[in-house]
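The lines below spell out each chain.
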Amino acid sequence: NKMTDEEAFKQAVDIFHNLSGEDTARLGELNSKIQSHSGKWGVRKGGDKMPDGATQMYWVENDPLIYEFLDFMDDKNLLIIFDWAKWDDGSKLFVAEDPTKYDKVDIETALKLIYAATRKERFNDGTLAWAFEFGGFVKLVNRLVALKQV
């Protein structure tokens, strides 16, 4: 019996509200690391000449902190699976250049954005590094943690 997207969103928001004290502290720790991170969030690798003369494909090596954060979100069932490709408002927000774009998002929107970015990464290598480095995800994570304190 498959949940509707709305049910999945509600469930994830409930899970988030009910995170244990220990999990909340862990999320706070991850956020502190994310907020104080310096340097690049991803490094382009590859492009080397192979023995057969072909050029190796490029890929982006993400900062391990990105995976540490996403692993936590995944472990706690906070990555909501939904049809992100059809979510136009989310796509617009994701690429908007307004530095305040995530200041007022709610928990559901924050969780949906994080999941959508993990999916985009599968089709467009470097999406996550871009999201953290230029796309405001550092602020988005900070906003999510602030919503937990309320």
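Above this text is the structure in question.
Remember, it's a predicted structure, so these values are computed and weren't measured experimentally.

Draft legend 1. Highlighting the packing of helix H3 (residues 64–75) against helix H5 (residues 107–123). Look at H3 against H5: their axes get within 12 Å of each other, and the N-to-C directions meet at 115°. Handedness of the H3/H5 crossing: left-handed. Mapping the contact onto sequence places Phe69, Leu70 and Met73 in H3 and Leu111, Ile114 and Thr118 in H5. In terms of residue class, the contact of H3 with H5 is made up of five nonpolar, one polar and no charged.

Draft legend 2. Summary view of a nonpolar patch on the surface. There is a patch of nonpolar side chains on the surface, built from Val95, Trp130 and Phe134 and spanning about 330 Å² of accessible area. Relative to the helices and strands, Val95 is located in helix H4 (residues 88–95).

Draft legend 3. Molecular detail of the packing of H4 against H5. The N-to-C vectors of H4 and H5 enclose an angle of 80°; their axes lie 10 Å apart at closest approach. Looking at the two axes, H4 sits roughly perpendicular to H5. Where H4 abuts H5, its residues Gly90, Ser91, Leu93 and Phe94 lie against Thr109, Leu113, Ala117 and Lys120. Partitioned by chemical class, the residues of the contact of H4 with H5 number four nonpolar, three polar and one charged.

Draft legend 4. Representation of the nonpolar core in the model. One finds Phe69, Met73, Ile114, Phe132 and Phe137 to be the most contacted residues of the largest nonpolar core, which totals 45 residues. Looking at this core element by element, the count peaks at eight residues for H5. Each residue touching Ile114, except ones within four places of it in the same chain, is listed here: Phe69, Leu70, Met73, Leu79, Phe137, Leu140 and Leu144.

Rules used throughout
Residues numbered from 1 in each chain as written. Predicted model: local features only at pLDDT ≥ 70, side-chain atom pairs only at ≥ 80, totals over all residues. Heavy atoms only, no water. Axes fitted to C-alpha atoms, helices over the stretch in contact; angles between N-to-C directions. Helix = DSSP H or I, 4+ residues; strand = E, 2+ residues; numbered from the N terminus. Left-handed = near helix turned anticlockwise from the far one by under 90°. Contact = heavy atoms within 4.5 Å. Nonpolar A, V, L, I, M, F, W, Y, C, P; charged D, E, K, R; others polar. Patch = residues over 30% accessible without salt bridge, like charges linked within 9 Å, V, L, I, M, F, W, Y side chains within 5 Å. Areas by Shrake-Rupley, 256 points an atom, 1.4 Å probe, with all protein chains shown as cover. Salt bridge = Lys/Arg side-chain N within 4 Å of Asp/Glu carboxyl O. Parallel < 35°, antiparallel > 145°, perpendicular 65-115°, else oblique. Core = buried A, V, L, I, M, F, W, Y, C linked by side-chain atoms within 4.5 Å. Buried < 20%, exposed > 50% of the residue type's maximum accessible area, 1.4 Å probe, protein only.

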